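This is what each chain is made of:
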Amino acid sequence: MGSAAAPAASAGKATPAPAGIDVASLPCENPMLLAIGTMTASLIQILDTTIANVAIPHMQSALGATSDEISWVLTSYIVAVALAMPLTGWLADRVGSRRLFMGSVAGFVVTSMLCGMAQNVTQMVVFRALQGATGAFISPLSQSTMIDTNKPSRQAQMMAIWGMGIMIGPIMGPILGGWLTENWNWRSVFYVNVPLGALALAIMAAELPSRPIVRRRFDLFGYALVAVALTAVQLLLDRGNHVDWFDSGEIWIYLGVALSCGWVGVIHLATAPAPLFDRRLFGDGNYVFALAFTAIVGLVMFANMALLPPMLQRLFGYGVIDTGMVLMPRGVGTLIAMQFSGWLMRRGHDPRMAMAVGFVITGFSLWQMTGWSLAADYQLFATVGFIQGIGLGLVFIPLNASAFATLPPELRTDGASLLNLLRSIGSSVGISVVITLLARNVQVSHSDLAGHVTSSATTLIDISALDRFQAAGDAALRMIDGEVTRQAGMVAYLDDFKLMMWLTFATVPFIALMRRADLSTAVRLATARQQSETDAPPVDLPH
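Residues numbered from 1 in each chain as written. Predicted model: local features only at pLDDT ≥ 70, side-chain atom pairs only at ≥ 80, totals over all residues. Heavy atoms only, no water.

**Some points on the overall build of the protein chain**
Right, on to step 1. On a plain count of helices and strands, the protein chain comes out with 19 helices and zero strands.
Right, on to step 2. The buried share of the protein chain, taken over its 543 residues, is 55%.
Right, on to step 3. Surface summary for the protein chain: the accessible area is close to 22,800 Å², and the carbon and sulfur share equals 66%. (Helix = DSSP H or I, 4+ residues; strand = E, 2+ residues; numbered from the N terminus. Buried < 20%, exposed > 50% of the residue type's maximum accessible area, 1.4 Å probe, protein only. Areas by Shrake-Rupley, 256 points an atom, 1.4 Å probe, with all protein chains shown as cover.)

**Side note on the packing of helix H13 (residues 285-314) against helix H14 (residues 320-346)**
Right, on to step 1. Viewed as axis vectors pointing N to C, H13 and H14 meet at an angle of 135 degrees, and their least axial separation amounts to 9 Å. In terms of orientation, H13 lies oblique with respect to H14. Considering the relative orientation of H13 and H14, their crossing is right-handed. Counted together, Asn304, Met305, Leu308, Pro309, Leu312 and Gln313 of H13 and Val320, Thr323, Val326, Leu327 and Arg330 of H14 form the full contact between these two elements. (Axes fitted to C-alpha atoms, helices over the stretch in contact; angles between N-to-C directions. Parallel < 35°, antiparallel > 145°, perpendicular 65-115°, else oblique. Left-handed = near helix turned anticlockwise from the far one by under 90°. Contact = heavy atoms within 4.5 Å.)

**Quick look at a nonpolar patch on the surface**
Right, on to step 1. Taken together, Trp179, Trp184, Ile321, Met325 and Tyr378 make up a surface patch of nonpolar side chains, about 570 Å² in accessible area.
Right, on to step 2. Position of Trp184 relative to the elements: it lies in the loop between helix H8 (152-183) and helix H9 (188-191). (Patch = residues over 30% accessible without salt bridge, like charges linked within 9 Å, V, L, I, M, F, W, Y side chains within 5 Å. Salt bridge = Lys/Arg side-chain N within 4 Å of Asp/Glu carboxyl O.)

**Considerations on the packing of aromatic side chains**
Right, on to step 1. Applying the stated rule across the entire model yields twelve aromatic pairs.
Right, on to step 2. Note on Phe218 and Tyr223: the rings are 5.8 Å apart at their centroids and 45 degrees apart in plane angle, and the pair reads as tilted.
Right, on to step 3. Put simply, the rings of Phe316, Tyr318, Trp372, Phe381 and Phe497 pair up and form one aromatic cluster. (Phe/Tyr/Trp six-rings, centres within 6.5 Å; stacked < 30°, edge-to-face > 60°.)

**What to know about helix H7 (residues 138-148)**
Right, on to step 1. Among the eleven residues that make up H7, eleven are buried, leaving the element largely enclosed by the rest of the structure.
Right, on to step 2. Taken together, the buried positions of H7 are Ile138, Ser139, Pro140, Leu141, Ser142, Gln143, Ser144, Thr145, Met146, Ile147 and Asp148.

**Let's talk about the environment of Ile36**
Right, on to step 1. Inspection of the secondary structure assignment puts Ile36 in helix H1 (residues 31-47).
Right, on to step 2. A sequence separation of 168 residues divides Ile36 from Met204, and the C-alpha atoms of the two residues are 9.5 Å apart.

**Structural notes on the nonpolar core**
Right, on to step 1. Of all hydrophobic cores here, the largest spans 98 residues; its most connected members are Met311, Phe316, Trp372, Phe381 and Phe497.
Right, on to step 2. The element best represented in this core is H13, accounting for 16 residues.
Right, on to step 3. With residues near it in sequence (within four places) discarded, Trp372 still touches Leu308, Met311, Leu380, Phe381, Val384, Met490, Leu494 and Phe497.
Right, on to step 4. In terms of nonpolar packing, the next biggest core, distinct from the first, is built from 17 residues, Leu63, Val73, Met124 and Leu180 among them. (Core = buried A, V, L, I, M, F, W, Y, C linked by side-chain atoms within 4.5 Å.)

**Comments concerning the pattern of salt bridges**
Right, on to step 1. Throughout the structure, instances matching the rule amount to two salt bridges.
Right, on to step 2. For Asp278, the salt bridge is made with Arg280, and the minimal N-O distance between the two is 3.0 Å.
Right, on to step 3. What makes Asp278 partly exposed here is its relative accessible area of 24%.

**Looking at the confidence of the model for the protein chain**
Right, on to step 1. The predicted model of the protein chain has a mean per-residue pLDDT of 78, with 82% of residues at 70 or higher.
Right, on to step 2. Of all helices and strands in the protein chain, the one with the weakest mean pLDDT is helix H19 (residues 519-534) (44), whereas helix H5 (residues 97-117) scores best (92).
Right, on to step 3. Within the model, pLDDT remains below 50 along residues 1-20, and this stretch shows 46 contacts once partners closer than five positions in the same chain are excluded.
Right, on to step 4. A low-confidence stretch, residues 522-543 stays under pLDDT 50, and its non-local contacts, those more than four residues away or across chains, total 27 contacts. (pLDDT = per-residue confidence, 0-100.)

**Notes on the packing of H5 against H7**
Right, on to step 1. One can describe the packing of H5 onto H7 by two numbers: an axis separation of 10 Å at closest approach and a directional angle of 140 degrees. As the angle between them shows, H5 and H7 are arranged oblique. Helix-helix and strand crossings are classified by hand; for H5 and H7 the assignment is left-handed. Across the interface between the two elements, Ser97, Leu100, Phe101, Ser104, Val105 and Phe108 from H5 touch Ile138, Leu141, Ser142 and Thr145 from H7.

**Topic: the environment of Ala65**
Right, on to step 1. Tracing the backbone through its elements, the reader meets Ala65 in the loop between helix H2 (51-63) and helix H3 (67-84).
Right, on to step 2. Sequence separation between Ala65 and Thr122 is 57 residues, and the spatial gap between their C-alpha atoms is 9.4 Å.
Right, on to step 3. Those residues within four positions of Ala65 in sequence are excluded, and the remaining contacts are Gln60, Ile70 and Val121.

**Digging into the side chain of Glu207**
Right, on to step 1. If you trace the backbone, Glu207 turns up in helix H10 (residues 193-207).
Right, on to step 2. Arg98 provides the closest opposite charge to the buried, salt-bridge-free Glu207, at an N-O distance of 8.6 Å.
Right, on to step 3. A polar contact is formed between the side chain of Glu207 and the backbone nitrogen of Asn30, at a distance of 3.2 Å. (Lys, Arg positive; Asp, Glu negative; His and termini not counted. Polar contact = N/O pair within 3.5 Å; in protein donor to acceptor, adjacent residues only side chain to side chain.)

**Quick notes on the side chain of Asn420**
Right, on to step 1. Positionally, Asn420 belongs in helix H17 (residues 412-450).
Right, on to step 2. Using a relative accessible area of 1% as the deciding quantity, one classes Asn420 as buried.
Right, on to step 3. At 2.8 Å, the side chain of Asn420 forms a polar contact with the side chain of Arg423.
Right, on to step 4. When neighbours within four sequence positions are excluded, Asn420 is seen to be in contact with Met85, Ser139, Pro140, Gln143 and Trp162.

**Structural notes on the environment of Leu47**
Right, on to step 1. Mapped onto the elements of the fold, Leu47 is located in helix H1.
Right, on to step 2. As for Leu47 and Gly173, which are separated by 126 residues in sequence, their C-alpha atoms are 5.0 Å apart.
Right, on to step 3. Discounting chain neighbours no more than four positions away, the residues touching Leu47 are Gly169, Met172, Gly173 and Leu176.

Right, dumping it as structure tokens:
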């Protein structure tokens with residue numbers, strides 16, 4: 001550590017170090033080993049948001065479920081995560097961050113085993129809900145742990161490492177899930193969490209420190225409002241496609257409940273003496289902007305990941321493994337950009353500039369995607385994916401560094417839970433919007449293209465003569481309709497890419513509204529807090 005005032009802490013019995021110059025607020029003996037354990041836990045939780053999607057058709061067949069029933073396997077997980085995640089800060093204070101983190105990982109491993117052993121769809125839905133509820137705390141706790149156990153000068157590097165799991169997990173999930181399903185069976189996508197979770201728990205038992213327990217009052221009414229609103233939003237987004245959106249009374253009920261509870265929740269947050277989330281979080285302008293930008297990053301990243309695999313498999317005929325190889329360069333670009341943006345942060349460069357450049361590069365890659373056609377090949381997909389990975393990687397680290405640079409340590413767990421919650425909501429909204437627009441635009445584009453299929457447009461086939469040869473005519477018409485459907489699908493995907501492109505570019509001007517916050521800012525604020533707590537005379541901190 002950078003100061004003799006920061007004593008080494010034994011696992012589980014750490015006392016927060018005084019906030020001083022370049023000193024971790026929660027020191028541990030081996031922060032790099034702890035980072036490995038923390039990232040392993042975070043990775044298995046992130047992987048499970050996408051790894052099970054590939055196995056759904058096999059799961060449906062094995063469990064004898066209908067398509068509507070099997071959709072609840074995904075819905076139950078998403079809703080459980082949304083319900084549990086807002087509790088992270090209060091539970092960490094109440095039972096201790098170490099106990100909560102290790103209990104969450106252990107619960108996630110056990111429920112993963114139960115999912116692998118499920119014998120019917122009811123058991124699978126229940127076990128997936130339990131898996132989501134126990135694993136919801138892993139992401140925010142892993143993020144706050146990697147910040148708290150490292151000194152400010154290394155926090156950007158730690159956020160780069162943490163960000164790798166967040167950004168690479170959704171890319172690797174379908175690849176790993178497809179490989180396991182093809183070579184073993186669908187149950188193996190859950191059993192793979194067991195050895196990795198055991199490794200994470202062993203490292204945490206040896207290295208993970210804990211914050212002191214704080215007797216913090218639980219805002220039951222505030223949580224109930226948040227929980228009901230989030231559940232209604234998630235059900236609206238997930239069930240919308242199944243029940244034809246606002247043509248169904250079910251969706252109107254979800255919307256009314258979400259708006260009512262959300263409105264009352266905002267008033268309660270502003271007026272309650274001890275709300276669920278500390279109001280100081282929303283008084284920090286950088287953190288509020290980070291919440292909005294995190295939702296947009298979640299929308300663009302996860303919506304893209306929801307669109308590309310089916311596009312590559314249905315329109316271009318790629319297999320599961322080939323699809324994974326096409327998406328791999330995106331992850332490589334993200335890894336490179338994250339390390340570079342972490343280096344920029346350590347050198348004291350303005351994080352807002354890196355974020356702006358990252359959003360512009362991401363928007364540029366989406367613009368390139370709007371020019372794709374059915375003649376596109378692997379090289380084009382890989383190149384554009386690599387560029388997009390660079391853009392997202394440049395955004396992620398400065399965004400998280402700016403969000404936490406001005407937050408006091410005691411607010412980091414709450415702050416991390418909200419950031420992860422907004423990313424989850426952004427991804428859910430993004431996926432629902434692009435999938436809905438895709439389905440509707442396919443129909444519209446098919447109708448438009450079919451209207452231009454005439455004898456003059458199909459020079460290789462005489463449509464007027466098809467009625468004389470019934471069998472051959474039916475086959476030819478099916479062939480024409482199949483090609484029109486493929487072209488309509490491609491047009492619909494391009495419309496989605498265009499929507500995400502404009503959203504990304506529209507975000508760039510708002511970055512200027514953030515205050516500059518770099519590593520020196522975090523050190524200065526830590527020093528100021530130390531002086532305030534010890535009643536030391538103030539010093540003039542350089543800007």
